[in-house]
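What follows is each chain in one-letter form.
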Amino acid sequence: MLPASAKAPHKQSRKQSISIGRGTRKRDEDSGTEVGEGTDEWAQSKATVRPPDQLELTDAELKEEFTRILTANNPHAPQNIVRYSFKEGTYKLIGFVNQLAVHYTQVGNLIPKDSDEGRRQHYRDELVAVSYQGSQESAKVISETENLEEDEEPKELETESGSQTDVPAAGAAEKVTEEELMTPKQPKERKLTNQFNFSERASQTFNNPLRDRECQMEPPPRTNFSATANQWEIYDAYVEELEKQEKTKEKEKTKTPVAKKSGKMAMRKLTSMESQTDDIIKVSQAAKIVERMVNQNTYDDVAQDFKYYEDAADEYRDQVGTLLPLWKFQNDKAKRLSVTALCWNPKYRDLFAVGHGSYDFMKQSRGMLLLYSMKNPSFPEYMFSSDSGIMCLDIHVDHPYLVAVGHYDGNVAIYNLKKPHSQPSFRSSAKSGKHSDPVWQVKWQKDDMDQNLNFFSVSSDGRIVSWTLVKSELVHVDVIKLKVEGSTTEVPEGLQLHTVGCGTAFDFHKEIDYMFLVGTEEGKIYKCSKSYSSQFLDTYDAHNMAVDAVSWNPYHTKVFMSCSSDWTVKIWDHTIKTPMFIYDLNSAVGDVAWAPYSSTVFAAVTTDGKAHVFDLAINKYEAICNQPVVAKKKNKITHVQFNPIHPIIIVGDDRGHIICLKLSPNLRKMPKEKKGQEVQKGPAVEIAKLDKLLNLVREVKIKT
């Protein structure tokens, strides 16, 4: 310990320094300036430095606001992308362009808090936080104890001189720090941060430069050729060609004994041709698919009308309907040939067969058999040509790939759609009993007892022939020979000559297999049986001119219909010899057809280019639709057929065109549903509907 005299000067000097410091700070606060090191630099006024190219603007110009809009458009996005539109057939500019530009992506993982890994990370972070806080507290306590030891001596001096300040002792501080150390503080819970959530705001990536790919190839070799030709050179060339042909003929004559080698070469050529045809078939199948896809896009609006369009005007028209034209089928090879036959395929409802020939016996030429599909109106699915015109055809119900046709020269033939060649699989000949006149109609019938396919044909020679396919040959049997009644003449030698009836159309009964009707050129209709070949079951004086078509009703077993060139359509009950209904259409009637969905609806076509649709349940006296369906008035409509399931008809004219038409709702009206009553449907309802009409007519006839 030092004496008091030694301690006093030290105390005094320290007090003086403290007081001086306090006085100077007070003066500085009063004056508002801070005195110390570097006071001269801070006291100097700050002068603004302007760059030499800065504009001098007025206050109004400085206060003026300029609006700038930031857009998210990508400056490098292409603006001129075009794509091909199959509907319009042109390239169209795309309006929407993707403006998204990705600068940075990183794949990370998220760990749930409740998982084991999350709990381990949380516990590890708590231990680190506790150790860090403990080190901070210990460092703080050590610094406080050092400060207390330094301040202990001056405080004792102050107490001796008589100052009344209370200063805590060092022992007390030590106690406080020991208590704080003994009671550990609980660490604060910290939120578990995502370690992969990294972002840097000042980062910018460079745009990758676009890469151009180019290829270079050597151009094909070219040679320039020039020559002049005169008459002598042309003559010499022809002479050389003739000499070559003569030499080849001489070589062939010398090679005649060596026939085997030539046969082998021919076989090799055939095999090579077959391999080529296989490749062509594969390519043609793919080409057909592509063609259908293109046609579906081309005729999309027509297909939409076929599926969904219904004429809304029918709601405001009572008992009147319309026909909507859909597709038009035509082929250049059958341009000048008439449509002589139409038939829907019984299995594939969109496929139908068309026979082409000529009704003018002075202009007879070739014939065509075409099969069209509504899925491809531009080109036929199958095409067969023949030397003689095709006058009629029919497709087998159980074998829809077999088509029976009748020719103008009296032959009948069977085409097999499974075989690619254009020639018929089976054909009649003069030896096998072909007709001597044109065949006007053919009809497939049920197989015989030996399960052989057979069909019937009718011709102008008065014969109705049954053709049976036996061991790849057509065997014929004459069912009946038509004779005109009352036209027997006696020859002086005692012989009798009968006038032959010329058959033009026939149809078999839907339930009674042996019974069928035959229409003739004389206008008569004969009811015949397969069992009786010598006489008719009944005869109807039907028309004044040739009967063009005869057809049984698909529902009512007693009713049939006939049409003729005498402008009339007649509906008959085969038990009564007089017609039940007669309709005059003011033009020669080419064909009639019953509707498959109703017993009272039928269609007829006339040579003036009109289609007539009747519904006896709505109007017994006139057609509910009379509509011209051909482009030119000169065109004559020859045939009409209803589709088995769709509400459409097809009509053919004498120019080789086939038009598909859709029936409006009024032409296919079904009975309306009444509240609380179910609408009865089925064949029995259709039979009762037609019977009701026939009974009215029968009552009138009985009264008269």
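Residues numbered from 1 in each chain as written. Predicted model: local features only at pLDDT ≥ 70, side-chain atom pairs only at ≥ 80, totals over all residues. Heavy atoms only, no water.

An unreviewed UniProt entry lists the chain under the name Dynein axonemal intermediate chain 1, with Papio anubis as the source organism. Reading the Subunit (unreviewed entry) entry of the UniProt record for the chain gives the comment "Consists of at least two heavy chains and a number of intermediate and light chains. Interacts with BICD2. Interacts with CFAP45 and CFAP52. Interacts with CFAP53." (UniProt positions renumbered as here; feature names shortened; annotations may be inferred.)

Let's talk about the overall build of the chain
Per the secondary structure count, the chain includes 9 helices and 32 strands. Looking at the chain as a whole, 33% of its 704 residues qualify as buried. Look at the contacts in the chain between residues 6 or more apart in sequence, and 48% of them connect residues 24 or more apart. Summed over its atoms, the accessible surface of the chain is roughly 50100 Å², and 53% of this surface lies on carbon and sulfur atoms. (Helix = DSSP H or I, 4+ residues; strand = E, 2+ residues; numbered from the N terminus. Buried < 20%, exposed > 50% of the residue type's maximum accessible area, 1.4 Å probe, protein only. Contact = heavy atoms within 4.5 Å. Areas by Shrake-Rupley, 256 points an atom, 1.4 Å probe, with all protein chains shown as cover.)

Description of the UniProt feature "repeat: WD" (unreviewed entry) in the chain
If you check UniProt for "repeat: WD" (unreviewed entry), the listed places come out as residues 540-573 in our numbering. Along residues 540-573 one finds 0% helix and 59% strand; the C-alpha atoms at either end are 11 Å apart.

Focus: the sheet that holds strand 9 (residues 402-407)
Strand order in the open sheet made by the 4 strands is 8-9-10-11, with antiparallel pairing throughout. Edge positions in the sheet fall to strand 8 (390-395) and strand 11 (426-427), since each has one partner strand and no second. Strand direction decides the pairing type here: strand 9 and strand 10 (residues 412-416), joined by 5 bridges, are antiparallel. Counted as the bridge partner of Ala404 is Ile414 from strand 10. (Pairing = 2+ DSSP bridges.)

Notes on the nonpolar core
Within the largest apolar cluster, 22 residues are counted, with the highest numbers of intra-cluster contacts made by Val569, Ile571, Phe581, Val592, Phe602 and Leu616. It is helix 9 (residues 683-703) that contributes the most residues to this core, 4 residues altogether. Non-local contacts of Phe602, meaning those with residues more than four positions away in its chain, are made with Met561, Val569, Ile571, Tyr583, Ala593, Trp594, Ala595, His612, Val613, Phe614, Leu616 and Phe642. Among the nonpolar cores identified, the runner-up in size contains 21 residues, and Ala593, Phe642, Ile659 and Leu663 belong to it. (Core = buried A, V, L, I, M, F, W, Y, C linked by side-chain atoms within 4.5 Å.)

Concerning a positive patch on the surface
Taken together, the side chains of Lys328, Lys632, Lys634 and Arg655 define a basic patch exposed on the protein surface. With respect to the helices and strands, the residue Arg655 is situated in the loop between strand 31 (648-653) and strand 32 (658-663). Judged by its relative accessible area of 36%, Arg655 is partly exposed. (Patch = residues over 30% accessible without salt bridge, like charges linked within 9 Å, V, L, I, M, F, W, Y side chains within 5 Å. Salt bridge = Lys/Arg side-chain N within 4 Å of Asp/Glu carboxyl O. Lys, Arg positive; Asp, Glu negative; His and termini not counted. Charge placed at Lys NZ, Arg CZ, Asp CG, Glu CD.)

Brief notes about unusual backbone geometry
Excluding glycine, a negative phi dihedral is what most residues carry, and trans is how most peptide bonds are arranged. Its identity is not glycine, yet Trp567 carries a phi of approximately 80 degrees, on the positive side. Checked against the element boundaries, Trp567 lands in the loop between strand 23 (559-564) and strand 24 (568-573). On the basis of relative accessibility, which here comes to 40%, the residue Trp567 falls in the partly exposed class. In this structure, Asn586 takes a positive phi of about 65 degrees despite not being glycine.

Comments concerning the sheet that holds strand 24
Read from one edge to the other, the open sheet built from 4 strands follows the order 22-23-24-25, with strand pairing classed as antiparallel. Single-partner strands in this sheet number two, and they are strand 22 (547-552) and strand 25 (581-584). On average, adjacent strands in this sheet sit at an angle of 15 degrees to one another, irrespective of strand direction. As judged from the 5 bridges shared by strand 22 and strand 23, these two strands associate in the antiparallel manner. Counted as the bridge partner of Ser551 is Met561 from strand 23. (Axes fitted to C-alpha atoms, helices over the stretch in contact; angles between N-to-C directions.)

A few points about the side chain of Ser358
When you line up the elements, Ser358 lands in the loop between strand 5 (351-357) and strand 6 (367-373). In this structure the side chain of Ser358 is engaged in a polar contact, spanning 3.3 Å, whose partner is the backbone nitrogen of Asp360. A polar side-chain atom of Ser358 sits 3.5 Å from the main-chain carbonyl oxygen of Lys363. Apart from residues lying up to four places away in sequence, Ser358 is in contact with Thr340, Lys363, Gln364, Met391 and Tyr408. (Polar contact = N/O pair within 3.5 Å; in protein donor to acceptor, adjacent residues only side chain to side chain.)

Here we look at the pairing of strand 20 (residues 524-529)
Most of strand 20 is tucked away, with 5 of its 6 residues classed as buried. Relative to strand 20, strand 19 (residues 515-520) runs antiparallel, the two sharing 5 bridges. Bridged to Leu517 within strand 20 is Lys527. Linking strand 19 back to strand 20 in an antiparallel pair, the connection comprises 3 residues, with Gly523 at a positive phi of about 95 degrees.

As for the packing of aromatic side chains
The full count for this structure, using the stated rule, is 23 aromatic pairs. Look at Tyr540 and Phe560: their rings are 5.6 Å apart centre to centre, the planes differ by 65 degrees, and that puts the pair in the edge-to-face class. Taken together, the residues span a long stretch of sequence, with Tyr540 in strand 21 (residues 538-541) and Phe560 in strand 23 at a distance of 20 residues. Given a relative accessible area of 0%, Phe560 falls into the buried group. (Phe/Tyr/Trp six-rings, centres within 6.5 Å; stacked < 30°, edge-to-face > 60°.)

Considerations on a nonpolar patch on the surface
On the surface, Val82, Tyr84, Phe86, Tyr91 and Leu93 cluster together into a nonpolar patch covering about 600 Å² of accessible area. Counting only elements with at least two residues in the nonpolar patch, the list comes to strand 1 (82-85) and strand 2 (90-93). Note that Leu93 resides in strand 2. With a relative accessible area of 60%, Leu93 lands in the exposed category.

A look at a negative patch on the surface
A grouping of Glu233, Asp236, Glu240, Glu241, Glu243, Glu246 and Glu250 is seen on the molecular surface, where their side chains present a negatively charged patch. For Glu241, a relative accessible area of 42% gives the class partly exposed.

A few points about the side chain of Ser459
Its place among the elements puts Ser459 in strand 13 (residues 454-459). Given the relative accessible area of 0%, Ser459 is considered buried. With residues near it in sequence (within four places) discarded, Ser459 still touches His435, Asp437, Pro438, Val439, Trp440, Cys502 and Gly503.

Details of the pairing of strand 8
The two faces of the sheet receive side chains in turn, since in a regular strand these alternate between them. Strand 8 sits mainly inside the fold: 6 of its 6 residues count as buried. Linking strand 8 back to strand 9 in an antiparallel pair, the connection comprises 6 residues.

What to know about the pattern of salt bridges
It is possible for side chains bearing opposite charge to pair when their charged atoms get close. Applying the stated rule across the entire model yields 15 salt bridges. With a closest N to O distance of 2.6 Å, Asp541 and Lys524 form a salt bridge. Placement of the pair is Asp541 in strand 21 and Lys524 in strand 20, with a sequence separation of 17 residues. Within this structure, Glu310, Lys662 and Arg668 form a network of salt bridges that share partners.

Re the confidence of the model for the chain
When the pLDDT values of the chain are averaged, the result is 78; 76% of them are 70 or greater. pLDDT under 50 marks residues 153-177. Its contacts with residues more than four places away, or in other chains, come to 10 contacts. (pLDDT = per-residue confidence, 0-100.)

Considerations on helix 6 (residues 231-254)
Across its 24 residues, helix 6 extends 35 Å between first and last C-alpha, which sits within 8% of the 34 Å expected from 1.5 Å per residue. Little of helix 6 is tucked away: 0 of the 24 residues are buried. (Expected span 1.5 Å × (residues − 1).)

Structural notes on the environment of Asp591
Here Asp591 is to be found in strand 26 (residues 589-594). Each residue touching Asp591, except ones within four places of it in the same chain, is listed here: Ala549, Cys563, Ala603, Ala604, Val605, Thr638, His639 and Val640. Looking at Asp591, its side chain comes within polar contact range of the side chain of His639, at 3.2 Å.

Remarks on the environment of Trp552
Along the chain, the position of Trp552 falls in strand 22. Sequence separation of Trp552 and Leu517 is 35 residues, and the distance between their C-alpha atoms is 8.7 Å.

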